[in-house]
Amino acid sequence: MSGCFKEDLTWRDVTPKAAWLNRRQLIAGGAGALAMGSIVGPAAASLNAVKTDYGAGLDPNPLEDITSYNNFYEFGTGKGDPVQNAHMLTTEPWSIEIDGLVDNPGTYSMEDVLEGVTLEERIYRFRCVETWSMVVPWVGFELADLLGKAGVQDGARYVAFETAYRPEEMPGVRSRVIEWPYREGLRLDEAMHPLTILATGLYGEPMPKQNGAPIRLVVPWKYGYKSIKSIVRISLVREQPPTAWNMYSAREYGFFSNVNPNRDHPRWSQKFERRIGGGLFSKKFETLMFNGYEEEVAGLYEGMDLIKNH
Ligand SMILES: Nc1nc2c(c(=O)[nH]1)N[C@H]1C(S)=C(S)[C@@H](COP(=O)(O)O)O[C@H]1N2
Ligand SMILES: [Mo]
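Let me sum up the structure you'll find in this document. Each chain has its residues counted from 1, following the order in which its sequence is written. Each chain is given a letter, starting from A, and each ligand a number, starting from 1, according to the order in which they appear as written. Residue-level local features of this predicted model are given only where pLDDT is at least 70; pairs of side-chain atoms are given and counted only at 80 or more, and the full residue set underlies all totals for whole chains, interfaces and linings. Hydrogens and waters are ignored; side-chain quantities use all the structure's heavy atoms.

**What to know about the overall build of the protein**
Next up, step 1: Broken down by element type, the protein carries 10 helices and 13 strands.
Next up, step 2: The classification of residues rests on relative accessible area computed with a 1.4 Å probe and restricted to protein chains. Under 20% of the type maximum is buried, over 50% is exposed, and intermediate values are partly exposed. Residues counted as buried form 53% of the 310 residues belonging to the protein.
Next up, step 3: We call two residues contacting when some pair of their heavy atoms lies within 4.5 Å. Within the protein, counting contacts between residues at least 6 apart in sequence, those at least 24 apart form 72% of the total.
Next up, step 4: Counting every atom, the protein has about 14,000 Å² of accessible surface; 52% of that belongs to carbon and sulfur. Each helix is a run of H or I in the DSSP string that is no shorter than four residues. Each strand is a run of E no shorter than two, and both are numbered from the N terminus. Calculation of accessible area relied on Shrake-Rupley with a 1.4 Å probe; when residues are assessed, cover is drawn exclusively from the protein chains displayed.

So, in structure tokens, the structure goes:
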């Protein structure tokens, strides 16, 4: 495993020590908060994420699972390729181009992007279309916050995202599995939904490169490929934008890609999933409608045929 993480640090290790400081405590605490920082050791350099109720009761995968079993095809198609190769990606400085139907188009540095936002810790289920799953303690903020800064104009109906395309840093783009740059998209109401976040970290630390540093999308009720990594462009558009896996095979990978146990992938069942971890003993679960977020998101799709609009 590369870089900035202690390989042996798991959620169970971090939780009792980290004493997640929220902003108010930080400000009110002053020197006290600093002293606390010195007690927590590894977490001292951590992001100041506000703890939330999202995922209460879920048991996150260990950091090792989340950072060593990845899909990030720009660095290779093997699950172990991103952890080997993603260190080549330059993530500082970083900026996002925001364009299209917005009042304030332009280049947003990471500082601009993060200005005034509250980083939250949110523990979400994560379900890949390939039928594996994990539980990840993300750190991030609502995409709606950034769209608010950009000022979405009336004609916008979709949000399009692009990953960096850097052949000199991304050995995987030599292979034309998909048409680069990696692209994704959401309907505007999906993008504005409070569950939809831009994540800048996990386990209280800055985002590991293999997981999409420095900033990636997380849409927990959709298959994992919608959660596009290392974003450099966000465009507000009128028409449904082309998306990487949908361009590869529209029959296999729909634009919506909501997790749905009743709509099998043409080549495999989606009724069950395997929670990564525990090797041969990784646990098998029934796939949940909208990945368990039905109560929150079903309203977005009222009256829609979710088999046709898969
Ligand atoms: N740019 C980019 N984003 C991407 C991918 C990719 O290959 N390139 N893979 C997707 C897929 S298929 C999944 S399952 C998730 C994996 O995220 P993780 O490695 O953090 O678990 O990232 C998604 N985002
Ligand atoms: Mo995936």
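**As for the sheet that holds strand S6 (residues 158-163)**
Next up, step 1: Note: two strands are recorded as paired if DSSP finds a minimum of 2 bridges between them. Across the sheet, which stays open at both edges, the 5 strands sit in the order S3-S2-S11-S6-S7 with mixed pairing between neighbours. Of all the strands in the sheet, the pair left with one neighbour each is strand S3 (106-109) and strand S7 (183-187). Here the average twist between neighbouring strands, direction ignored, is 20°.
Next up, step 2: Interaxial angles span 0 to 180 degrees and are taken between N-to-C directions of axes, which are lines fitted to C-alpha atoms, for helices over the stretch in contact. Where helix H7 (residues 143-150) meets the sheet, it contacts strand S2 (95-100), S3, S6, S7 and strand S11 (231-237), and its direction lies at approximately 65° from that of S11.

**Some thoughts on the nonpolar core**
Next up, step 1: Grouped together as the largest cluster of nonpolar side chains are 77 residues, with contacts concentrated most on Trp138, Phe161, Leu217, Trp221 and Ile234.
Next up, step 2: Considering every element that reaches this core, the biggest residue donor is strand S5 (residues 132-142), with 6 residues.
Next up, step 3: Those residues in contact with leucine 217 that lie beyond four places of it in its chain are Leu143, Phe161, Leu186, Thr196, Ile197, Leu198, Lys226, Ser227, Ile228 and Ile231. Nine residue types can take part in a nonpolar core, namely buried Ala, Val, Leu, Ile, Met, Phe, Trp, Tyr and Cys, and a core is a set of them joined through side-chain atoms within 4.5 Å.

**What about empty space enclosed by the protein?**
Unoccupied space between atoms shows up once a probe the size of one water molecule is rolled over them.
Next up, step 1: For cavity detection a 1 Å grid was placed over the protein atoms alone, and a set of points counts as a cavity when a 1.4 Å probe fits there but cannot get out; an open set counts as a pocket when protein lies on both sides within 12 Å along at least five of seven lines, with lining residues being those that have an atom within 4 Å of a point. Grid points are joined across faces, edges and corners, and a volume is the space filled by probe spheres set on the points. In this structure the tally under the stated criterion is 2 cavities of 30 Å³ or more.
Next up, step 2: Lining the largest cavity we find 18 residues, and of these Tyr223, Ser257, Asn258, Arg263 and His310 sit closest to its centre.
Next up, step 3: Polar here means any residue outside two lists: the nonpolar Ala, Val, Leu, Ile, Met, Phe, Trp, Tyr, Cys and Pro, and the charged Asp, Glu, Lys and Arg; Gly therefore counts as polar. When grouped by side-chain class, the residues that make up the lining of the largest cavity number 7 nonpolar, 8 polar and 3 charged.

**Overview of a negative patch on the surface**
Next up, step 1: Patches here: salt-bridge-free residues with over 30% relative accessible area, like charges joined within 9 Å, nonpolar side chains (Val, Leu, Ile, Met, Phe, Trp, Tyr) joined within 5 Å. Definition used for salt bridges: Asp or Glu carboxyl oxygen within 4 Å of a side-chain nitrogen of Lys or Arg. We count Lys and Arg on the positive side and Asp and Glu on the negative side, and we leave His and both chain ends out. Charged side chains are reduced to one point each, which is NZ for Lys, CZ for Arg, CG for Asp and CD for Glu. The grouping of Glu92, Glu111, Asp112 and Glu115 at the surface amounts to a negative patch.
Next up, step 2: Residue position: glutamate 115 is located in the loop between helix H6 (110-114) and strand S4 (120-127).

**Topic: the site of ligand 1**
Next up, step 1: Whether a residue is near a molecule or strand depends on its heavy atoms: it is near if one of them lies within 4 Å of it. Around ligand 1 sit 17 residues in total, of which Asn70, Tyr73, Glu74, Thr163 and Lys229 are the nearest.
Next up, step 2: Two N or O atoms form a polar contact when they lie within 3.5 Å of each other; inside protein one atom must be a possible hydrogen donor and the other a possible acceptor, and for residues adjacent in sequence the pair counts only when both atoms belong to side chains. Between a nitrogen atom of ligand 1 and a main-chain N or O atom of asparagine 71, the distance comes to 3.2 Å.
Next up, step 3: Lysine 229 is positioned with one of its side-chain polar atoms (N or O) 2.7 Å from an oxygen atom of ligand 1.
Next up, step 4: Surface burial for ligand 1 is 97%, taken as the share of its 530 Å² of free accessible area covered by protein chains.
Next up, step 5: Partitioned by chemical class, the residues of the shell around ligand 1 number 8 nonpolar, 6 polar and 3 charged.

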